[in-house]
Amino acid sequence: MTTSAAGPEGPGITGLSAENRRLRAELTRRHLIDLATGVLAAQLGASPADAAEHLAALSHATGLGVEDLAADVVNGVAGLSGSEPSAAVRAEPAAAAPVVFSTPEERRARQAAAAAETADTVGEAARALLEGGLVPLGAECLWLWRRDAWGCLRLAGHAGVGAAEAAAWQWIPPAAPPAFRTVLADGAPVWLDDGPEAGDVLPGPARRSARALLPLRSRGVTVGLALVAWPGPVVLDAALRKALVGLTDVAGTVLDAADAPSSAVPGLVDVLDALVHPAMLLRLAPPAETPTAPPTVEHLNDNAGAALGGAPPAEDRSLSLALPHVHADLAHLARRAHRTARTQRVARLPAGPPTDPEDRADDEGPPTLLDVRVLPAGPERAVVLWHAASDPGLASERAVARLQSVALFQDSLTDGGTVWSEQAYAVFGRSRDEPPVPLLGLRGLVHPEDGEALTGLLRTLTERRTGAQTVLRIVLGDGTVRHVRVAAEPLLDAGAVTGFAGVYQDVSASRRVEAALNATFDQLTAVRTRAELRHQIALQLQQAIVPEVPDLQEFPGLVVAARYRPAAEEYRVGGDWYDVQPLPDGRILVAVGDVAGHGIDSVTGMVALHNAQRGLACTGESPRRLMGWLNEVTLRTSGHPTATAVCALYDPVARVLVWASAGHLPLVLVRNGEARLLDPPHDVLLGAVPSYAYEERRTSLRPGDTLLLYTDGLIERRHDGLDDGLARLAEQAALVSGHPPDEQVESLLDAAPGDTDDDTSVVAVLVR
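Residues numbered from 1 in each chain as written. Predicted model: local features only at pLDDT ≥ 70, side-chain atom pairs only at ≥ 80, totals over all residues. Heavy atoms only, no water.

**Considerations on the overall build of the chain**
Now for step 1: For the chain, the helix and strand inventory stands at 22 helices and 27 strands.
Now for step 2: Going through the 768 residues of the chain one by one, you find that 45% of them count as buried.
Now for step 3: By sequence separation, contacts in the chain at least 24 residues apart represent 60% of the contacts at least 6 residues apart.
Now for step 4: As displayed, the chain has an accessible area near 36,700 Å², and 53% of this comes from carbon and sulfur atoms. (Helix = DSSP H or I, 4+ residues; strand = E, 2+ residues; numbered from the N terminus. Buried < 20%, exposed > 50% of the residue type's maximum accessible area, 1.4 Å probe, protein only. Contact = heavy atoms within 4.5 Å. Areas by Shrake-Rupley, 256 points an atom, 1.4 Å probe, with all protein chains shown as cover.)

**Re the confidence of the model for the chain**
Now for step 1: Across the chain, the average pLDDT comes to 80, with 80% of residues at or above 70.
Now for step 2: A low-confidence stretch, residues 1–10 (pLDDT under 50), is modelled with nine contacts involving residues beyond four sequence positions or located in other chains.
Now for step 3: Contacts from residues 82–96, a stretch scored under 50 in pLDDT, to residues over four places away or in other chains number 33 contacts. (pLDDT = per-residue confidence, 0-100.)

**With respect to the side chain of Thr 634**
Now for step 1: The residue Thr 634 is located in helix H20 (residues 623–635) in this model.
Now for step 2: Residue classification places Thr 634 among the buried positions, given a relative accessible area of 0%.
Now for step 3: In this structure, Thr 634 is in contact with Leu 609, Pro 641, Leu 686 and Gly 687, ignoring residues within four places of it in sequence.

**What about the sheet that holds strand S16 (residues 496–506)?**
Now for step 1: Taking strand neighbours across the sheet as the criterion, the five strands line up as S13-S12-S16-S15-S14 in an open arrangement whose pairing is antiparallel. If you trace the sheet from one side to the other, it starts and ends with strand S13 (418–420) and strand S14 (468–475), each paired once. Across the sheet, the axes of successive neighbouring strands diverge by a mean angle of 25 degrees, strand direction being ignored.
Now for step 2: In terms of strand pairing, strand S12 (residues 406–412) meets S16 through seven bridges, oriented antiparallel. Across the sheet, the residue bridging to Val 406 is Gln 505, located in S16.
Now for step 3: Those strands touched by helix H17 (residues 451–464) are S14, strand S15 (481–493) and S16, and its axis lies near 145 degrees from that of S14. (Pairing = 2+ DSSP bridges. Axes fitted to C-alpha atoms, helices over the stretch in contact; angles between N-to-C directions.)

**Notes on the pattern of salt bridges**
Now for step 1: Scanning the model with the defined rule gives 16 salt bridges in all.
Now for step 2: Here Glu 632 ties to Arg 636 by a salt bridge, and the two come within 2.8 Å at their closest N and O atoms.
Now for step 3: When its relative accessible area of 64% is taken as the criterion, Arg 636 is described as exposed.
Now for step 4: The salt bridge partner of Asp 720 is Arg 728, with a shortest N-O separation of 3.1 Å.
Now for step 5: Overall, Asp 720 belongs to the partly exposed group, its relative accessible area being 34%. (Salt bridge = Lys/Arg side-chain N within 4 Å of Asp/Glu carboxyl O.)

**As for the packing of aromatic side chains**
Any pair of aromatic rings gets described here by the distance separating the centres and the angle formed by the planes.
Now for step 1: Counted according to the given criterion, the structure contains eight aromatic pairs.
Now for step 2: A ring pair is formed by Phe 409 and Tyr 504, whose centres lie 4.3 Å apart and whose planes are at 20 degrees; its orientation type is stacked. On the criterion of sequence distance, the pair formed by Phe 409 in strand S12 and Tyr 504 in strand S16 is long-range, its members being 95 residues apart. Judged on exposure class, the residue Phe 409 and its partner Tyr 504 are both buried.
Now for step 3: When the centroid spacing of 4.8 Å and the interplanar angle of 80 degrees are considered together, the rings of Phe 428 and Tyr 504 count as edge-to-face. Taken together, the residues span a long stretch of sequence, with Phe 428 in the loop between helix H16 (422–427) and H17 and Tyr 504 in strand S16 at a distance of 76 residues.
Now for step 4: Under the relative-accessibility criterion, Tyr 504 is labelled buried at 0%. (Phe/Tyr/Trp six-rings, centres within 6.5 Å; stacked < 30°, edge-to-face > 60°.)

**Focus: the nonpolar core**
Now for step 1: Ranked by size, the top nonpolar core spans 31 residues in total, and within it Leu 134, Leu 142, Leu 144, Val 228, Trp 230 and Leu 244 carry the most contacts.
Now for step 2: A total of seven residues in this core trace back to one element, the largest contributor, which is helix H6 (residues 122–134).
Now for step 3: Apart from residues lying up to four places away in sequence, Leu 144 is in contact with Val 122, Ala 126, Arg 154, Leu 155, Ala 156, Gly 157, Leu 216, Leu 225, Ala 226 and Ala 251.
Now for step 4: By size, the runner-up hydrophobic cluster in this structure holds 25 residues, among which are Trp 420, Ala 424, Leu 457 and Leu 472. (Core = buried A, V, L, I, M, F, W, Y, C linked by side-chain atoms within 4.5 Å.)

**Section: the sheet that holds strand S4 (residues 190–192)**
Now for step 1: Spatial ordering of the open sheet is given by S3-S2-S1-S6-S5-S4, a layout of six strands whose pairing is antiparallel. Each edge of the sheet is formed by a strand with only one pairing partner; in this case those strands are strand S3 (171–172) and S4.
Now for step 2: With six bridges joining them, strand S1 (residues 141–147) and strand S2 (residues 153–159) adopt antiparallel strand pairing. Residue Arg 146 lies in a different strand from S2, and its bridge partner there is Arg 154.
Now for step 3: Across the face of the sheet, helix H8 (residues 178–186) comes into contact with S1, S2, S3, S4, strand S5 (211–218) and strand S6 (221–229) while running at roughly 140 degrees to S6.

**Notes on helix H9 (residues 238–249)**
Now for step 1: Its twelve residues place the ends of H9 16 Å apart at the C-alpha level, agreeing with the 16 Å of an ideal helix rising 1.5 Å per residue.
Now for step 2: The complete set of buried residues in H9 reads Leu 240, Leu 244, Gly 246, Leu 247 and Thr 248. (Expected span 1.5 Å × (residues − 1).)

**With respect to the packing of helix H21 (residues 722–735) against helix H22 (residues 741–751)**
Now for step 1: Two elements in contact, H21 and H22, have axes whose closest approach is 10 Å; the angle formed by their N-to-C orientations is 140 degrees. Between H21 and H22, the crossing angle belongs to the class labelled oblique. H22 is crossed by H21, and the crossing has right-handed handedness. On the side of H21, the interface is formed by Leu 729, Gln 732 and Ala 733, while H22 contributes Ser 747, Leu 748 and Ala 751.
Now for step 2: Grouping the constituent residues of the contact of H21 with H22 by class yields four nonpolar, two polar and no charged. (Parallel < 35°, antiparallel > 145°, perpendicular 65-115°, else oblique. Left-handed = near helix turned anticlockwise from the far one by under 90°. Nonpolar A, V, L, I, M, F, W, Y, C, P; charged D, E, K, R; others polar.)

Quick look at the structure:
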């Protein structure tokens, strides 16, 4: 019984990709014809239906296809056609302007522009413009940046560019290279026939490569910038400039599409793209979250895309769609590679016998993956490498013609003759003047540790009389070692082995890539271990200095409650601190502070400042002097931290609070159910400038007053201003006034959103 090629799990990526390409081509064609129909309708003053009939009549009269003629019509109104009007077109009785024939290059450019206008993402539009219009002009790559409201340029799409290079130019600030600033300021192109001026750095394949920088406009406003680069210097004459302007005019309109996705591991993507065999990057779900969630395909190199019939659609990049017949096996191998931190190998997938060609339609069977290797690549990714299966004869011819690392050989045991293909001499590092070495004579070239592997290969060929393969380390004349895969079949005559035929393949590059990927994984594991250790140390230090829920504290004339809330993300250990301490002279120190940043450096800075403030407060000096000394401590602390802080001393006899602020948020005073902000001195952060003289304020307090000291995590929200947060805090403080201090701080923390991934400290001081 004949079954569907993709099996019960659906058509797979091959069929979907083919259908997507057909629909995309039809959409582009329809878009171009609609543009031409609209032009003719305007010229004729006719309805769209009549204009469409007129376009069909012109196509019949000129002998041109409707799509080519549509390109000519649109080019004519865009001023991009240079040929004379056709006599057949001039003879038309209609009132439309004569159609000017375009050159084949102009038609191709217009069709590329139409493909770009119908693209779903800016990246797809960039590829359409490059492949259809710019490559025929000799260009190598295209960059498209979108200009934001702050004057920065963000890379929205690119083509002909590696992932690492794209990541390096993802953002360009307003202080951009001079050529960028000139284009944006003047709204005119910049032409660089032999590259930028000395000292200027621009994207492109080489310093002296020609570049064209053009403004992208939409509705008369410059909305972005395009850069086209060539492999080397090029004279950008008037004709070439005109063609470039015409092609990039459409780019301003496509910037409204979605941005092309950027890779989180651009270096790894570039390595996979450089491989000569199919390679796939998988993204795995973190084991702690959904250990059985299916992997997704993050990247396919060109060879993998060709083997699978195309890349998965952006809306569904699941592995089950890309390889429906082997996705479960690959997911299992990927998880085992991560669990064991070792490369996983299988000879072929699917593991069963290949499908009988008579049981499937031509070119519709699921692809077979040979010599599959799955390598762990970081905490959530895996690399899949394989060889594609196809007709052996055609595959060998294509591989030998395309790859210098693959060579054919044939040995005769009857006459002792050995024949190598030309590539074999390069594999073994021998000149054409030297005689080829038979398989039986390789022992003198093989690394001593691989002698048993060669013996096993020869025994399989001669004794078992079946094919075999192995990888041998070949030592060249200069001492260099190459990894060579040997795959051989015995030649039989009347049951006797008369020779061998097979393939040598230099797999040194693949082995180096595999070693590099394994080394990268080891490095990532070591970095992660060190980061976890630093995090635990920081967390323990912070918890020792700033407990989250301390006991309610009572002092002469005061009742104090404090709370600390860690950041939402566990790894973002912050530098908040608070302190309430009775002093020998009877006054009470009340303080809060916030060291900038997160992690071990912030926590160690916080510990240093907290302890220094405690010791300095025992001197009996005023808050302004204490703050000045604390500033000098900050300047001399390792890591050069900066911090905001409030240092207050309360006299329970006079009921007076004397306080100083180093760039910190205002205190909140709640009295008789109403809350107001105490305007702080406008002094600088701790650690900003040396020998700074801080000011101080005096605030008289009454029994029943509540004073709130806090850090910015209590009021900040991602999309609101600081004034909005302060107003919300004052309103909430008034609502909870009259409650015990511990209930007040709990209520204030509950009401704070905490959506900025920052930690929070709050201290409530009730005057008795």
